[in-house]
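Results of the structural survey
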Amino acid sequence: MSAETTLDVSELRELVADTLDVEPSELTDEVLLIEELEVDSVVALELAVTLEQRYRIKIPEEELGTVRRFPDIQDLLNRKLSG
């Protein structure tokens, strides 16, 4: 992983919170994105596009479907950035 692609968790939390239109403090590791933050498919797609552009990766729809909490986003990005 290069210095450019090292995952900054606080930056990621800010980016995700901004995309989901919630306060970063609401985006805890335990909160369920769909059930508690009411993330729908349109917002999920917007988040995927934002992450793809920011980190220069591709997130297939089936992988996006596995994301339920913030740590899932971190895990997905770590896999993409290290692979």
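Starting afresh in each chain, residues are numbered from 1 along the sequence in its written order. Reporting in this predicted model follows two pLDDT cut-offs: at least 70 for local features of residues, and 80 or more for side-chain atom pairs to be given and counted; totals over whole chains, interfaces and linings ignore these cut-offs and use all residues. As a convention, hydrogens and water are excluded, and side-chain values are obtained from all of the structure's heavy atoms.

1. A short note on the overall build of the protein
Only DSSP runs of H or I reaching four residues or more are called helices, and only runs of E reaching two or more are called strands; each is numbered from the N terminus. A tally of helices and strands in the protein yields four helices and zero strands. Traced from its N-terminal end to its C-terminal end, the protein shows the element sequence α-α-α-α. When we talk radius of gyration, it's over C-alpha atoms, and the globule rule is simply 2.2 Å times the number of residues to the 0.38. A globule of 83 residues ought to have a C-alpha radius of gyration of about 12 Å, and the protein, at 12 Å, matches this closely. If one aligns the C-alpha atoms of the protein with their principal axes, the spans along those axes are about 35 × 25 × 20 Å. When a residue's accessible area, from a 1.4 Å probe over protein chains only, is under 20% of the maximum for its type it is buried; when over 50% it is exposed; and in between it is partly exposed. The 83 residues of the protein split such that 35% are buried.

2. Regarding the packing of helix α1 (residues 9-20) against helix α4 (residues 70-82)
Axis definition: a line fitted to C-alpha atoms, limited for helices to the stretch in contact. Angles are taken between N-to-C directions and run from 0 to 180 degrees. Running from amino to carboxyl end, α1 crosses α4 at an angle of 120°, the nearest separation of the two axes being 11 Å. With respect to α4, the axis of α1 lies oblique. The way α1 lies across α4 gives a crossing that is right-handed. Listed contacts from α4 to Val9, Leu12, Arg13 and Val16 of α1 are Phe70, Ile73, Gln74 and Leu77. A class-by-class count of the residues in the contact of α1 with α4 yields six nonpolar, one polar and one charged. Any angle that falls under 35 degrees is termed roughly parallel, while one over 145 is termed roughly antiparallel, one within 65 to 115 roughly perpendicular, and all others oblique. Working rule for handedness: look at the near helix, and if it is turned counterclockwise from the far one by less than a right angle, call the crossing left-handed; if clockwise, right-handed. We call two residues in contact whenever any of their non-hydrogen atoms come within 4.5 Å of each other. The residue classification treats Ala, Val, Leu, Ile, Met, Phe, Trp, Tyr, Cys and Pro as nonpolar and Asp, Glu, Lys and Arg as charged. All others, Gly included, are polar.

3. So, the nonpolar core
Of all hydrophobic cores here, the largest spans 24 residues; its most connected members are Leu12, Val16, Leu20, Leu27, Leu51 and Ile73. Those elements that provide at least two residues to this core are α1, α2 (41-55) and α4. By residue number, the principal contributor to this core is α4, which donates five residues. We define the nonpolar core as a collection of buried residues of types Ala, Val, Leu, Ile, Met, Phe, Trp, Tyr and Cys that are connected through side-chain atoms lying within 4.5 Å of one another.

4. Description of α1
To estimate how far a helix should extend, the number of its residues minus one is multiplied by 1.5 Å. When the terminal C-alpha atoms of α1 are compared, their 16 Å separation across 12 residues agrees well with the 16 Å that a helix rising 1.5 Å per residue should span. Taken together, the buried positions of α1 are occupied by Leu12, Arg13, Val16, Ala17, Thr19 and Leu20. Seen from one end, α1 has its buried residues packed into an arc of 160°, which puts them on one side. In α1, those exposed residues whose orientation departs by more than 90 degrees from the buried face are Ser10 and Asp18. In this description, one arc is meant: the one made by directions from the helix axis to the C-beta atoms.

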